[in-house]
Amino acid sequence: MVRITRALMSVTDKGGLAEFAKGLQEFQVEMLSTGGTAKLLRENGVPVVEVSDYTGFPEMLDGRVKTLHPKIHGGILGRRDLADHLEQMQRHQIKPIDLVVVNLYQFEKAVGKPGCTLEEAIENIDIGGPTLLRAAAKNYQGVTVVVDPADYPKILKEMKTSGGGTTLATRFQLAKKVYALTSAYDAAITAYLRDKALSC
């Protein structure tokens, strides 16, 4: 059982998130978040630390760079069972991130709108989201990753049963959902771009 002490939340689909975050509060989980997600949590009375305050770097390049930082990815990818990883994390003041809650820019919805330009489509390709998800899924032995709001109740129920953690079996199942999602997401982008041509 891995106890969840710190969560990173950055979602497009905000349905049920405030209730989930309030459930996490019962276990004193620290919340890190970005932009609109942080705003939603604050409006619902959930204390949240902006990722830019946590890393010391602002969101930049029109929002293209928000979470791509060693304090974020080191916290997700660092293995809790390796003393060398833990020592490096401590040396660089990287705190473990035990829960990643992310869903992606709605690329297919964006390109399905009449008149969507290639430039608009490109801006709707999510970079940080898939990177966070893949990192968390890779380290499923220590990190719980959530892409589907339908999984919020299951996670809270398991945390209540266990005293604040999730089982390895649950984390593995959630990790598999990540790779199914990111594979389909890349396939949608590929399908869209396949028929596009640039005039040079």
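Preceding this paragraph is the structure being described.
Residues numbered from 1 in each chain as written. Predicted model: local features only at pLDDT ≥ 70, side-chain atom pairs only at ≥ 80, totals over all residues. Heavy atoms only, no water.

**Student:** I keep staring at the overall build of the chain and nothing clicks. Help me out?
**Tutor:** Counting its regular elements, the chain contains 10 helices and 7 strands. Whereas a compact globule of 200 residues would reach a radius of gyration of roughly 16 Å, the chain reaches 17 Å, a difference of no more than 12%. In terms of principal-axis extent, the alpha carbons of the chain reach across some 55 × 35 × 35 Å. The buried share of the chain, taken over its 200 residues, is 44%. By sequence separation, contacts in the chain at least 24 residues apart represent 65% of the contacts at least 6 residues apart. Of the roughly 10600 Å² of accessible surface on the chain, a fraction of 55% belongs to carbon and sulfur atoms. Averaging the positions of the 25 positive and the 23 negative side-chain charges in the chain gives two centres separated by 4 Å. (Helix = DSSP H or I, 4+ residues; strand = E, 2+ residues; numbered from the N terminus. Rg over C-alpha atoms; globule rule 2.2 N^0.38 Å. Buried < 20%, exposed > 50% of the residue type's maximum accessible area, 1.4 Å probe, protein only. Contact = heavy atoms within 4.5 Å. Areas by Shrake-Rupley, 256 points an atom, 1.4 Å probe, with all protein chains shown as cover. Lys, Arg positive; Asp, Glu negative; His and termini not counted. Charge placed at Lys NZ, Arg CZ, Asp CG, Glu CD.)

**Student:** I keep staring at the sheet that holds strand S4 (residues 49–50) and nothing clicks. Help me out?
**Tutor:** Sheet strands pair by backbone hydrogen bonding; their relative direction is either parallel or antiparallel. Pairing within the open sheet is parallel, and its 5 strands lie in the order S4-S3-S2-S5-S6. Among the strands making up the open sheet, the edge pair consists of S4 and strand S6 (144–146). Direction of pairing for strand S2 (residues 6–10) relative to strand S3 (residues 30–33): parallel, over a ladder of 4 bridges. Bridging across to S3, Ala 7 finds its partner in Met 31. In the packing of helix H8 (residues 128–138) onto the sheet, the strands contacted are S2, strand S5 (99–102) and S6, and the crossing angle to S5 comes to about 145 degrees. (Pairing = 2+ DSSP bridges. Axes fitted to C-alpha atoms, helices over the stretch in contact; angles between N-to-C directions.)

**Student:** What should I look at first to understand the nonpolar core in this one?
**Tutor:** As a rule of thumb, soluble globular proteins bury nonpolar side chains together. Grouped together as the largest cluster of nonpolar side chains are 50 residues, with contacts concentrated most on Met 9, Phe 20, Leu 24, Met 31, Ile 76, Val 100 and Val 101. The leading source of residues in this core is helix H10 (residues 168–194), at 7 residues. In this view, Met 31 contacts Ala 7, Met 9, Ala 21, Leu 24, Gln 25, Val 46, Pro 47, Val 48 and Val 49; residues no more than four positions away in its chain are not counted. (Core = buried A, V, L, I, M, F, W, Y, C linked by side-chain atoms within 4.5 Å.)

**Student:** Even after reading the chapter, I still don't get the pairing of S5, so can you show me in this structure?
**Tutor:** Looking along a regular strand, one sees the side chains alternate between the two faces of the sheet. Neither face of S5 is open: one carries Leu 99 and Val 101, the other Val 100 and Val 102, and all of them are buried. Direction of pairing for S2 relative to S5: parallel, over a ladder of 4 bridges. Looking at S5, one finds that Ala 7 is bridged to Leu 99. As defined by bridge partners, S5 adjoins S6 across 3 bridges and the pair is classed as parallel. Among the inter-strand pairings, Val 100 is bridged to a residue of S6, identified as Val 145.

**Student:** Would you mind showing me how to read the environment of His 85 here?
**Tutor:** Within the secondary structure, His 85 is located in helix H5 (residues 83–91). Taking the C-alpha atoms as reference points, His 85 and Gly 74, separated by 11 residues in sequence, lie 9.2 Å from one another. Ignoring any residue separated from it by four or fewer positions in sequence, one finds His 85 in contact with Leu 77, Gly 78 and Arg 79.

**Student:** How do you make sense of unusual backbone geometry when you look at a structure like this?
**Tutor:** For residues besides glycine, phi is generally negative; the peptide bonds are generally trans as well. Here the phi dihedral of Gln 28 falls at roughly 55 degrees; this positive angle occurs in a residue that is not glycine. By the secondary structure assignment, Gln 28 is in the loop between helix H1 (17–25) and S3. The phi dihedral of Gln 93 falls on the positive side, at around 55 degrees, and the residue is not glycine. Along the chain, Gln 93 falls in the loop between H5 and S5. On the accessibility criterion, Gln 93 (60% relative accessible area) is exposed.

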